[in-house]
Amino acid sequence: MDEPLFWLGHLYSCIQSEGAEELLFGADYDAAGDFQRQIWERAEWPAFTVPLAADHRLHVVYRTVADDTGTDYLLHHPDWGQAEVLARDDGHFMGPGLSWPELVAAADNMLPGGSTTDPHSRLLLLLPAFGDDAVPDDAVGRLAGALHARTSVEDPESLASALLEDQGAPGPACWTVAGHGFSVNDGEYSFRNPANLFALSADRLAQVATALAP
């Protein structure tokens, strides 16, 4: 995570326009591609962890399987029988899995025991799992600060605006609580949309929302 080129490849799926692609890569397009290719060719699966309250963990796992590469965003607790997939960043993308308040809360909690306590790194690490059509006015500045701290992009503020506008392949979603008692969204590809046939069950949706609550 100390390598600026890593973040360019990690955030690539968050952009949906040529203009945003230029802002992200600039003159580093080839170097970022080479760095990302080396990650996907590794035998082991690179994984990063962000701790949450009450021993919950968010895991970002690079699935380096030939013909099935992708990045999985998982939520786990030692008492659970399995990790819950919040989002999947690959050719069969799924998400969003995090609202903006959940993303920022995970980035800022400063809890030890993960891959880093740096809020900038955590924000960028989890960003591809995020989708929210109600980001606050200060979101651009917050994301721009992370981009400035962890990457070498020339115009962090413009890139932050583009990333928050595009919000990856699943796109933004509307998050609500009313009627469910816990946070859910209306994303067409989201495991956290109760209307989807592939959604998590109600009890698991409640568990996830409780673990991620800001």
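Above this text is the structure in question.
First, a word on what this report is: a plain description of the structure on this page.

Here Ser121 is to be found in helix α5 (residues 119-126). Among the polar contacts made by the side chain of Ser121, one reaches the side chain of Asp118 at a distance of 2.7 Å. Reaching out from Ser121, the side chain makes a polar contact with the side chain of Arg150 at a distance of 3.1 Å. Those residues in contact with Ser121, other than ones at most four positions away along the chain, are Met1, Trp7, Thr116 and Arg150.

All right, on to the nonpolar core then. Of all hydrophobic cores here, the largest spans 57 residues; its most connected members are Leu58, Leu75, Leu143 and Leu147. With residues up to four places along the chain from it excluded, the contact list for Leu75 reads Leu52, His56, Arg57, Leu58, Trp80, Ala83, Glu84, Leu86, Val208, Ala211 and Leu212.

Quick look at the pattern of salt bridges now. Side-chain pairing between opposite charges can occur once the charged atoms of the two side chains come close. Applying the stated rule across the entire model yields 11 salt bridges. When the shortest N-O distance is used, the salt bridge between Arg37 and Asp34 registers 2.7 Å. One end of the pair, Arg37, and the other, Asp34, are both in helix α3 (residues 29-40), 3 residues apart, so they sit about a helical turn from each other. Glu84 is the partner of Arg204 in a salt bridge, and the nearest nitrogen-oxygen pair spans 2.8 Å. Taken together, the residues Arg204 in helix α8 (residues 202-212) and Glu84 in strand β4 (residues 84-89) connect sequence positions 120 residues apart. Each member of the salt-bridge network shares a partner with another, and the members are Arg63, Asp68, Asp72, Arg88 and Asp90.

With the rule as written, the count across this model stands at 10 aromatic pairs. Taking the centre distance of 5.6 Å and the plane angle of 50° together, the rings of Phe6 and Phe48 count as tilted. With Phe6 in helix α1 (residues 4-10) and Phe48 in strand β1 (residues 47-51), the pair connects residues that are 42 residues apart, well separated along the chain. Across this residue pair, the class does not change: Phe6 and Phe48 are buried. Ring centres of Tyr12 and Phe25 lie 5.5 Å apart, and the angle between their planes is 50°; this geometry places the pair in the tilted category. Of the two residues, Tyr12 is situated in the loop between α1 and α2 (18-25) and Phe25 in helix α2; the sequence distance between them amounts to 13 residues. A relative accessible area of 40% places Tyr12 in the partly exposed class. Given a relative accessible area of 7%, Phe25 falls into the buried group. Feature note: the residues Phe6, Trp7, Trp40, Phe48 and Tyr62 constitute an aromatic cluster, connected by ring pairs.

One can find Arg150 in helix α6 (residues 139-150). A distance of 3.3 Å separates the side chain of Arg150 from the side chain of Asp2, its partner in a polar contact. For Arg150, the residues in contact, after removing those within four places along its chain, are Met1, Asp2, Pro4, Trp7, Asp118, His120, Ser121 and Leu124.

This part is about a negative patch on the surface. Taken together, the side chains of Asp28, Glu154, Asp155 and Glu157 present a region of like negative charge at the surface. Relative to the helices and strands, Glu154 is located in the loop between α6 and α7 (156-166). Residue classification places Glu154 among the exposed positions, given a relative accessible area of 80%.

It is worth spelling out unusual backbone geometry at this point. The linkage connecting Gly95 with the following residue, Pro96, adopts the cis geometry, with an omega of 0°. Structurally, Pro96 is set in the loop between β4 and α4 (100-108). Notably, Gln167 is not glycine yet its phi reads approximately 55°, a positive angle. For Gln167, the location among the structural elements is in the loop between α7 and β5 (175-176).

Conventions we followed
- Residue numbering note: each chain is counted from 1, following its sequence as written.
- Restriction of local features to residues with pLDDT of at least 70 applies here, the model being predicted, together with a cutoff of 80 or more for giving and counting side-chain atom pairs; totals for whole chains, interfaces and linings are based on all residues.
- For side-chain calculations, the full set of non-hydrogen atoms in the structure is used, while hydrogens and water are omitted.
- Only DSSP runs of H or I covering at least 4 residues are called helices, and only runs of E covering at least 2 are called strands; the numbering of each starts at the N terminus.
- Whenever a nitrogen or oxygen atom comes within 3.5 Å of another N or O atom, the pair is scored as a polar contact, on the condition that within protein one atom can donate a hydrogen and the other can accept it, and that pairs from neighbouring residues in sequence are kept only if both atoms are in side chains.
- Between two residues, a contact is recorded if the distance between any of their heavy atoms is within 4.5 Å.
- Side-chain atoms within 4.5 Å are what join buried Ala, Val, Leu, Ile, Met, Phe, Trp, Tyr and Cys residues into a set we call a nonpolar core.
- Relative accessible area decides the class of each residue, using a 1.4 Å probe on protein chains only: under 20% of the type maximum gives buried, over 50% gives exposed, and in between gives partly exposed.
- Salt bridge criterion: a side-chain nitrogen from Lys or Arg within 4 Å of a carboxyl oxygen from Asp or Glu.
- Centres within 6.5 Å are what make two rings of Phe, Tyr or Trp a pair, Trp counting through its six-membered ring; a difference in plane orientation under 30 degrees is then read as stacked, over 60 as edge-to-face, and the rest as tilted.
- To count toward a patch, a residue needs a relative accessible area above 30% and no salt bridge. Like charges then connect within 9 Å, nonpolar side chains (Val, Leu, Ile, Met, Phe, Trp, Tyr) within 5 Å.
- Per-residue accessibility takes into account occlusion by the displayed protein chains alone, with areas from the Shrake-Rupley method and a 1.4 Å probe.
- Neither His nor the chain ends contribute to the count of charged residues, in which Lys and Arg are positive and Asp and Glu negative.
- All charge positions are set by atom: Lys at NZ, Arg at CZ, Asp at CG, Glu at CD.

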